[in-house]
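Structural overview for review
Here's the letter readout for the chains.
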Amino acid sequence: MHPENSDVVLVAAQGPLWSKGGDRGLYKTTDGGETWTKVLGDDEWVGVTDVVAEPGNPDILYAATWQRQRTVAAFMGGGPGSAIYKSTDGGDNWEKLKTGLPGSNLGKIGLAVSPQRPNVVYAAIEQDRTKGGVYRSEDKGASWQKMSNTVSGGTGPHYYQELYACPHQFDRLYLMDVRVQVSDDGGKTFRTLSERDKHSDNHALAFRANDPDYLLIGTDAGIYESFDLAENWRFIANLPITQYYKVAVDDRLPFYHVFAGTQDNGSHGGPSRTDSRQGITNRDWYKTLGADGHQSATEPGNPDIVYAETQQGGLHRVDLKTGEQVFIQPQPRKGEHFERYNWDAPILVSPHNPARLYFASQRVWRSEDRGDSWTSISGDLTRNEERMALPIMGRQQSWDNPWDLRAMSNYNSITSLAESPVQEGLLYAGTDDGIIQVSEDGGNIWRKIEVTRLPGVPERAFVNDIKADLYDANVVYVALDNHKNGDFHPYLYKSTDKGKTWKSIVGNIPERTLVWRTVQDHVKKELLFAGTEFGIYVTLDGGGSWEKLSGAPTIPFRDLTIQRRENDLVGASFGRGFFILDDYSVLREATKEKLEAEAALFSVRKALWYVPRSNAPDGGASEYTADNPPFGAVFIYHLAETYNTLKDERKKEEKKLEKEGKDIPFKGWEALEAERKEESPRIWLTVKDEGGNVVRNIQAPAKKGMNRIAWDLQYASSRSIDPDSGGGSSRWSRGGDFAPPGTYSVTLYKEIDGVVTFLAGPVSFEVVPLRQPTLKGAPFAEYRSFGEEISVVRDQQAAIANLLSESRKKINAMETALERTSVEPGALNGKLFQLKQELYELEEQLNGNTSRDEIGERNPPTISNHLRVASRGISTTYGPTPLHRQSLEIAKKMLGEVMGDVERFSKVAIPEMESALREAGAPYIIGQPIPKK
């Protein structure tokens, strides 16, 4: 946080930038990141976990190194490479600090420098498994004194250990932990910070320089702030930052729901869209299970049954009607060892029987009754090792060293399961220790495949994902991961003989891009998606070449799934919540021929016919709201090139000449006039009904590439057009009446220089009601007919209003003309006065008493009032009622009564007065007939 501006939380450094390179050491740059120099750390197991500078003196730095290694098997949280270093020359040279500090087996270290007395430095040091504590130096690190045995706890110092010195009170320390520990005496004693109504697991803390009561804390659940020094907490709810592991979707109607487990925030469910204008809000989501959430699963055909799990296989079946969570984790039988469930144990609902579940520990379990009972269908399919005996940091380690397995996954466990949807009982299991197992008989016999049999795959690579092909029982896909051993290569393979032989399909996915998940399209077998560490990739040719999907952020996508009914791709990101690619089916049709053609128009999925509702109250900026998919019928088209204007081409040419440093020639006045007179190219999408009648013409972007635009299911507005407002509607910007459900088509055209040319189509599509109403309304034919009646009356009202408006303009002009006429005041003045009074009466007949309206006093119902009520009959899908028809008839009758008077006034009385003025020699008034000699 900026020391002089509490509103600035993140600031760009003006001087040297520092990078804590994990296992690679500490790096420094002085040119904004163009070049980096390694200044600390040589051992491959030693990383830098903390760097702090002395306030006001950036040349004095303290850095904490940490020797540790996390492998797929275990975690060693310390070693002789863990230490505190000091630099007095901006990081070019470093001195290891020793006096008063523990001598061996240090673990993670947190550092802080006192803002009030920069000579005072604090360190929270882990030592071995049970020792360590808070240390304090009063001489800039030259010597240290142990203040207490307090260290971060909970899931271990490897997860916490951040230490902060309060800028407002000397010797006040905040030690991050499951619950924040606070010391007011430099680390001698600690108390627990009040965290009522706040999430646990604290990692980051910021202060305000001008407010001693303000705290801003980052936790596993997001950000909280307090304005009264932790008495009360405010959650920042408008940040979509949830870390999701796995994702599942159901087949709920009308909108499917999305489910997944999160890092330390339980398992969630919520709608993929809503019928609300506001979109999808936090309030639309619900929690299905607590603790750390991991894989969720749904039952096809029964959206009220959801499976969710906590870490290390805590499997539950959740009834969404009752909210009850039934614990169904398979248990060892008498005399058996404990089950080694992975931190993110795999759940699989059989594609052949929705009541059949598969679950896995070190062995595979099957249930035929939704988890009420289980049968083991395999033995131990892993290497079944003692992980304490495996090498770590290059060798076997002593029992007394700082092992930390409390928040680690079990090892030698199954991580992935798949059953072929083509061949029942063809099962695959992948493990965290580099094994793929295959059974072709429902689990009676298993065939072991070492991952080293896959070309280029290292021993013990973690099997992230196995997917059985949707079309061919012989085909299977596997994604593997070796990043815990410092290997970030993408591993993605395909077998066409049930795992006997393999070939890589990683194609052109970039190096150092871990592959987490794959999913196959259910219509086009060559269409695959891959969730990676840096976004989502798609292949149209079964893995020969991949393209990164734009629109999704460049962050980890740990899981992908497809909602088949809607053809939606749903991605679970690790840090930004869910992302949904609505109706990706266009990718099935995106052939080379179509993309090389001048234009292509793709299939349109069913458009849902309903009136979006308004859900109040709004949460304002404090609540996160996700956009719904576009309302109406969504049209997707591709243009091989952008249609440029003459000006576009000239600017393009000039830009090239400018870059080459050449003269830019003057094109001439005729060329500039041609540019001015030219209309921009237009793309039109024409919607027609089943009878071939044009319903709507929609102007669309003329840009190269894929374009997407929605028709709002409305006819074009039939409201009157006011030339004085640029040709637009005089009052309304909305479209016309709703087009009823039915079959429609859309055709793509281009318009260049007034010439309209067919491009693609027609493509037919359906408009269907979202729901069947409780009460059946008017037939669709009556709905449309009533809308046309209203349109006629509305046009008549607009015409009359326009006649009166034009008459007022003419009367005002005639008053000015009379003032300039060389005649004595007299009869013409009287006639003009009477004409003006008649206009007032007509205006009141049409619009009501102006004086009443001026102060908000209600008038007796006018034509507009009755017409407005009648229009409500076509503002819902129910259609017009007798009440609406009655209002329309009243409006018609009132309009008929005033129409004759207005026409006589504008066509007879006004022209007569104009003639009288001309005969008297009055000046010419713009708008009158052209004067004759």
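Bear in mind the structure is a predicted one, so any value in this text is a computation, not a measurement. Along each chain, residues carry numbers from 1 onward, in the same order as the chain's sequence is written. Only residues with pLDDT of at least 70 get local features here, since the model is predicted, and only at 80 or more are side-chain atom pairs given and counted; chain-wide, interface and lining totals rely on the full set of residues. Working from all heavy atoms in the structure, the side-chain values ignore hydrogens and water.

A closer look at the pairing of strand 18 (residues 202–208)
- The rule is simple: take the accessible area with a 1.4 Å probe, protein chains only, and divide by the maximum for that residue type; under 20% is buried, over 50% is exposed, in between is partly exposed. The helix count covers DSSP runs of H or I at least four residues long, the strand count covers runs of E at least two residues long, and both are numbered beginning at the N terminus. Along strand 18, 6 of the 7 residues are buried, which leaves the element largely enclosed by surrounding structure.
- Across 6 bridges, the pairing between strand 18 and strand 19 (residues 211–219) is antiparallel. Paired with Arg208 across the bridge in strand 19 is Asp211.
- Count of turn residues in the strand 18/strand 19 antiparallel hairpin: 2 residues. Pairing between two strands is assigned when DSSP locates at least 2 bridges connecting them.

Quick look at the sheet that holds strand 43 (residues 515–520)
- Read from one edge of the open sheet, 4 strands run 43-44-45-46, paired in antiparallel fashion. Strand pairing shows two members of the sheet lacking a second neighbour, strand 43 and strand 46 (547–548), which therefore form its edges.
- The pairing of strand 43 with strand 44 (residues 528–532) spans 5 bridges and is antiparallel. Across the sheet, Val519 pairs through a bridge with Phe529, a residue of strand 44.

Section: the sheet that holds strand 53 (residues 633–639)
- Pairing in this open sheet of 3 strands is antiparallel, and the strands run 50-53-56 from one edge to the other. Strands with a single pairing partner mark the edges of an open sheet, and in this sheet they are strand 50 (599–601) and strand 56 (705–711). For this sheet the average axis-to-axis angle between neighbouring strands, irrespective of direction, equals 25°.
- In the sheet, strand 53 pairs with strand 56 via 7 bridges, with the strands oriented antiparallel. From the neighbouring strand, Phe635 faces strand 56, where its bridge partner is Ile709. Helix axes are fitted only over the stretch in contact, all axes being lines through C-alpha atoms; the angle between N-to-C directions runs from 0 to 180 degrees.

A look at the pairing of strand 20 (residues 222–226)
- Burial analysis of strand 20 places 4 of its 5 residues in the buried class, which makes it a mostly covered element.
- In terms of strand pairing, strand 19 meets strand 20 through 5 bridges, oriented antiparallel. Following the sheet pairing, Leu215 is matched in strand 20 by Ser226.
- Between strand 19 and the antiparallel strand that follows it, strand 20, lie 2 residues.
- In this sheet, strand 21 (residues 234–235) lies alongside strand 20 in antiparallel orientation, the contact comprising 2 bridges. Within strand 21, the residue paired with Glu225 across the bridge is Arg234.

Describing the nonpolar core
- Here, the term nonpolar core denotes a set of buried Ala, Val, Leu, Ile, Met, Phe, Trp, Tyr and Cys residues that are joined through side-chain atoms within 4.5 Å. Counting 63 residues, the largest nonpolar core has Phe635, Leu685, Trp711 and Phe765 as the members making the most contacts within it.
- Apart from residues no more than four positions distant in its own chain, Phe635 is found in contact with Val604, Leu685, Val687, Ile698, Asn707, Arg708, Ile709, Trp711, Val746 and Phe765. Throughout, a contact is declared for two residues whenever any of their heavy atoms are within 4.5 Å.

Structural notes on the side chain of Thr539
- Examined against the element boundaries, Thr539 turns out to sit in strand 45 (residues 535–539).
- With a relative accessible area of 0%, Thr539 lands in the buried category.
- Here a polar contact is taken to be a pair of N or O atoms separated by no more than 3.5 Å, where protein atoms must pair a possible hydrogen donor with a possible acceptor and residues adjacent in sequence count only if both atoms sit in side chains. Among the polar contacts listed, one links the side chain of Thr539 to the side chain of Asp541, at a separation of 2.7 Å.
- Here Thr539 is in contact with Glu526, Leu527, Leu528, Gly544, Ser545 and Trp546, once residues within four sequence places are set aside.

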